[in-house]
Amino acid sequence: MSIDYGNDDDYFEYNKNRFKTETTRIKSVQPSEGWLDPAESLNHVSTIHEEGNMHVHEDGETSTDEDSRTNLLFSTETRRKLENRHVQLIAISGVIGTALFVAIGKALYRGGPASLLLAFALWCVPILCITVSTAEMVCFFPVSSPFLRLATKCVDESLAVMASWNFWFLECVQIPFEIVSVNTIIHYWRDDYSAGIPLAVQVVLYLLISICAVKYYGEMEFWLASFKIILALGLFIFTFVTMLGGNPKHDRYGFRYYGESPFKQYFPDGKDVGKSSGYFQGFLACLIQASFTIAGGEYISMLAGEVKRPRKVLPKAFKQVFVRLTFLFLGSCLCVGIVCSPNDPDLTAAINEARPGAGSSPYVIAMNNMKIRILPDVVNIALITAAFSAGNAYTYCSSRTFYGMALDGYAPKIFTKCNKHGVPIYAVGISLIWALVSLLQLNSNSAVVLNWLINLITASQLINFVVLCIIYLFFRRTYSIQQDSLPKLPFRSWGQPYTAIIGLVSCLAMIMIQGYTVFFPKLWNSQDFLFSYLMVFIDIGIYVGYKFIWKRGKDKVKDPYKIDFSKELIEIENHEIQYSFEKFQYYSKA
């Protein structure tokens with residue numbers, strides 16, 4: 001085994017005007033075979049002095065790194081600038097969009113308030129299983145696009161390619177979803193304008209925010225996400241006050257709607273085949289909505305490569321974000337069922353006629369029913385902010401996904417280029433092109449387009465959950481074999497591997513179920529079938545095509561005894577030492 005020490009600015013970030021100290025850092029490790037044993041003797045140490053842009057070596061030679069000469073106009077390095085508060089709020093922002101306030105009305109209408117609450121609570125179980133599994137491997141390996149790059153290291157390249165393109169598609173298609181959502185919400189006031197106007201405004205704003213340094217993006221998204229949480233909490237308070245009679249009608253309605261229709265029968269094709277089937281399908285409609293609305297820790301994962309002190313921040317973030325999201329999801333389901341009847345005429349019209357406007361939000365319907373003025377306008381403004389914030393988060397995640405794909409060679413290398421702020425500018429550009437999909441609403445009702453996008457997103461998101469569980473199981477096998485020669489896990493999940501298996505089986509089942517209504521003879525059409533299951537066939541095609549055509553069957557599953565994490569972990573360790581966090585110091589102790 002050989003360990004090479006040196007200064008390689010591809011791995012280390014420093015402020016040339018602030019640090020002029022003599023340092024010794026590990027540059028790279030090449031294990032002779034198997035895994036790294038840091039207790040072995042060290043062969044060579046080269047001490048360097050960092051002086052501005054120039055590096056002076058002990059042997060008298062000097063070198064100037066290219067990034068310093070170009071002021072990082074074209075580097076391939078992102079920057080670790082995000083703090084714990086940024087991580088938590090960006091992750092929450094990426095999960096909470098208009099679906100929690102608007103699209104949830106469809107599930108309420110079809111299943112009733114009790115089915116809605118129970119379905120969301122049930123789906124939180126597999127999401128918890130997936131989140132803790134993701135947290136364990138991402139906190140151990142906090143790099144750009146961590147779970148996608150772990151697929152390359154621990155499974156095979158074919159799965160990594162398929163997972164990367166699927167996740168990138170998942171993030172990208174949610175950008176036009178939120179743009180269309182904004183347009184739908186604006187229709188509450190008026191619709192005598194071109195749908196291209198909100199599209200152009202949002203894309204320009206997303207681009208301007210994205211090209212800034214990541215710390216400024218973090219601040220912007222921190223405040224946008226804060227407004228979203230304030231909106232949710234404000235609606236909780238509105239529900240509590242009005243249900244006790246604090247409304248213009250002085251109507252103490254309490255849990256009236258839970259008593260009237262706690263469970264509703266739902267027959268997709270309109271054919272009544274019995275109460276049991278009707279109630280079950282009503283619950284199933286709510287469960288499918290939950291599988292679209294609730295996400296896990298993948299949004300935190302995509303921040304891992306730009307988080308300061310990642311092995312300190314990320315374990316806390318995973319725990320806190322899941323608890324807060326669960327509270328917001330279940331609280332919203334409870335409140336929607338309290339304030340709005342599933343049989344409300346406005347809600348019925350919005351669902352059956354795919355009509356935008358007041359029917360787009362159960363909260364707004366409730367406010368109008370209680371003759372509350374001004375507040376519906378305030379909520380609609382807040383909903384626009386929520387949709388914009390979610391689209392902004394998806395722009396970030398999709399660009400970082402594509403950047404990670406380019407680093408691993410699954411996308412053209414030009415997309416590894418970053419501007420002087422460490423932003424992968426070309427990856428941002430290619431991801432924002434997906435916003436043009438929202439132009440579909442020029443020829444169709446915006447609510448119909450939303451339904452198409454929801455079906456695509458649901459299938460792609462469930463496939464991503466399945467991939468996360470598979471990657472974790474292979475990572476766990478590798479870590480179990482090599483654990484004596486690797487740093488300890490910053491986050492350790494429980495009940496493994498059964499926890500990951502529960503998440504895996506649940507999501508596989510839901511992939512098959514989520515588009516079941518298209519198979520009713522009266523409802524069959526090729527368009528709905530493709531939007532529900534297209535991603536399943538595409539992802540299978542990518543995996544099979546890459547493995548057996550591109551690689552000609554030579555892409556074998558990785559040998560867990562030969563997988564090496566040292567290069568990335570050494571970079572992370574040096575970064576954390578720079579910020580005086582040494583809890584997981586391992587390689588430098590050798």
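Residues numbered from 1 in each chain as written. Predicted model: local features only at pLDDT ≥ 70, side-chain atom pairs only at ≥ 80, totals over all residues. Heavy atoms only, no water.

- Where an unreviewed UniProt entry is consulted, the protein chain appears under the name Amino acid permease/ SLC12A domain-containing protein, with the organism given as Saccharomyces uvarum.
- The annotation that UniProt attaches to the protein chain under Subcellular location (unreviewed entry) is "Membrane".
- Word for word, the UniProt comment on the protein chain under Sequence similarities (unreviewed entry) is "Belongs to the amino acid-polyamine-organocation (APC) superfamily. YAT (TC 2.A.3.10) family." (UniProt positions renumbered as here; feature names shortened; annotations may be inferred.)

## Some thoughts on the overall build of the protein chain
Inference 1: Assigned secondary structure in the protein chain consists of 20 helices and six strands.
Inference 2: The 590 residues of the protein chain split such that 58% are buried.
Inference 3: Here the contacts in the protein chain between residues at least 6 apart in sequence split such that 80% fall between residues at least 24 apart.
Inference 4: Accessible surface, the protein chain as shown: approximately 23,900 Å² in total, 60% of it carbon and sulfur. (Helix = DSSP H or I, 4+ residues; strand = E, 2+ residues; numbered from the N terminus. Buried < 20%, exposed > 50% of the residue type's maximum accessible area, 1.4 Å probe, protein only. Contact = heavy atoms within 4.5 Å. Areas by Shrake-Rupley, 256 points an atom, 1.4 Å probe, with all protein chains shown as cover.)

## A word on the packing of aromatic side chains
Inference 1: Scanning the model with the defined rule gives 28 aromatic pairs in all.
Inference 2: Between Phe 140 and Phe 565 the ring centres are 5.4 Å apart and the planes differ by 90 degrees, which places this aromatic pair in the edge-to-face class. Within this pair, whereas Phe 140 is found in helix 4 (residues 113-140), its partner Phe 565 is found in the loop between helix 19 (526-550) and helix 20 (566-578), the two being separated by 425 residues in sequence.
Inference 3: For Phe 565, a relative accessible area of 1% corresponds to the buried category.
Inference 4: An aromatic cluster of at least three residues, connected via ring pairs, comprises Phe 140, Phe 141, Tyr 472, Phe 475, Tyr 479 and Phe 565. (Phe/Tyr/Trp six-rings, centres within 6.5 Å; stacked < 30°, edge-to-face > 60°.)

## Focus on unusual backbone geometry
Inference 1: In this structure, the amide linkage connecting Gln 496 to the following residue, Pro 497, adopts the cis form with an omega of 5 degrees.
Inference 2: Positionally, Pro 497 belongs in the loop between helix 17 (446-482) and helix 18 (498-513).
Inference 3: A positive phi angle is found at Lys 371, which is not glycine, with a value near 60 degrees.
Inference 4: Among the secondary structure elements, Lys 371 is positioned in the loop between helix 14 (362-369) and helix 15 (375-407).

## Some remarks on the side chain of Thr 416
Inference 1: Mapped onto the fold, Thr 416 is located in the loop between helix 15 and helix 16 (425-432).
Inference 2: Overall, Thr 416 belongs to the buried group, its relative accessible area being 6%.
Inference 3: In terms of polar contacts, Thr 416 uses its side chain to reach the backbone carbonyl oxygen of Lys 413, at 2.6 Å. (Polar contact = N/O pair within 3.5 Å; in protein donor to acceptor, adjacent residues only side chain to side chain.)

## Quick word on helix 19
Inference 1: Counted at 1.5 Å a residue, the expected span for helix 19 with its 25 residues is 36 Å, but the 30 Å between its end C-alpha atoms falls short.
Inference 2: Listing the buried residues of helix 19 in full gives Phe 531, Ser 532, Tyr 533, Met 535, Val 536, Asp 539, Gly 545, Tyr 546 and Lys 547.
Inference 3: The backbone nitrogen of Gln 527 lies 3.2 Å from a side-chain oxygen of the residue at the head of helix 19, namely Asn 525.
Inference 4: Where helix 19 ends, the next residue or the one after it, Arg 552, has phi of about 55 degrees, a positive value. (Expected span 1.5 Å × (residues − 1).)

## A word on the environment of Ile 230
Inference 1: Topologically, Ile 230 is positioned in helix 8 (residues 214-243).
Inference 2: Between the C-alpha atom of Ile 230 and that of Ala 382, which follows or precedes it by 152 residues, the distance is 9.3 Å.

## Observations concerning the pattern of salt bridges
Inference 1: Scanning the entire structure with this criterion turns up eight salt bridges.
Inference 2: A salt bridge links Arg 256 to Asp 251, with the nearest nitrogen and oxygen atoms 2.6 Å apart.
Inference 3: Assessed through its relative accessible area of 24%, Asp 251 is described here as partly exposed.
Inference 4: For the salt bridge of Arg 311 with Glu 576, the shortest nitrogen-to-oxygen distance reads 2.9 Å. Residue Arg 311 is found in helix 12 (residues 310-339), and its partner Glu 576 is found in helix 20; the two are separated by 265 residues along the sequence. (Salt bridge = Lys/Arg side-chain N within 4 Å of Asp/Glu carboxyl O.)

## What to know about the nonpolar core
Inference 1: Of all hydrophobic cores here, the largest spans 166 residues; its most connected members are Phe 101, Phe 475 and Phe 565.
Inference 2: Here the element with the most residues in this core is helix 17; it accounts for 17 residues. (Core = buried A, V, L, I, M, F, W, Y, C linked by side-chain atoms within 4.5 Å.)

## What to know about the packing of helix 6 (residues 157-186) against helix 7 (residues 196-210)
Inference 1: Across the interface, helix 6 lies against helix 7 with an axial gap of 10 Å and an inter-helix angle of 130 degrees. If you check the angle between helix 6 and helix 7, you find them oblique. For the element pair helix 6 and helix 7, the recorded crossing hand is right-handed. Within the contact between the two elements, helix 6 uses Ile 175, Glu 178, Ile 179, Val 182 and Asn 183 and helix 7 uses Pro 198, Leu 199, Gln 202, Val 203 and Tyr 206.
Inference 2: A breakdown of the residues in the contact of helix 6 with helix 7 according to their chemical character gives seven nonpolar, two polar and one charged. (Axes fitted to C-alpha atoms, helices over the stretch in contact; angles between N-to-C directions. Parallel < 35°, antiparallel > 145°, perpendicular 65-115°, else oblique. Left-handed = near helix turned anticlockwise from the far one by under 90°. Nonpolar A, V, L, I, M, F, W, Y, C, P; charged D, E, K, R; others polar.)

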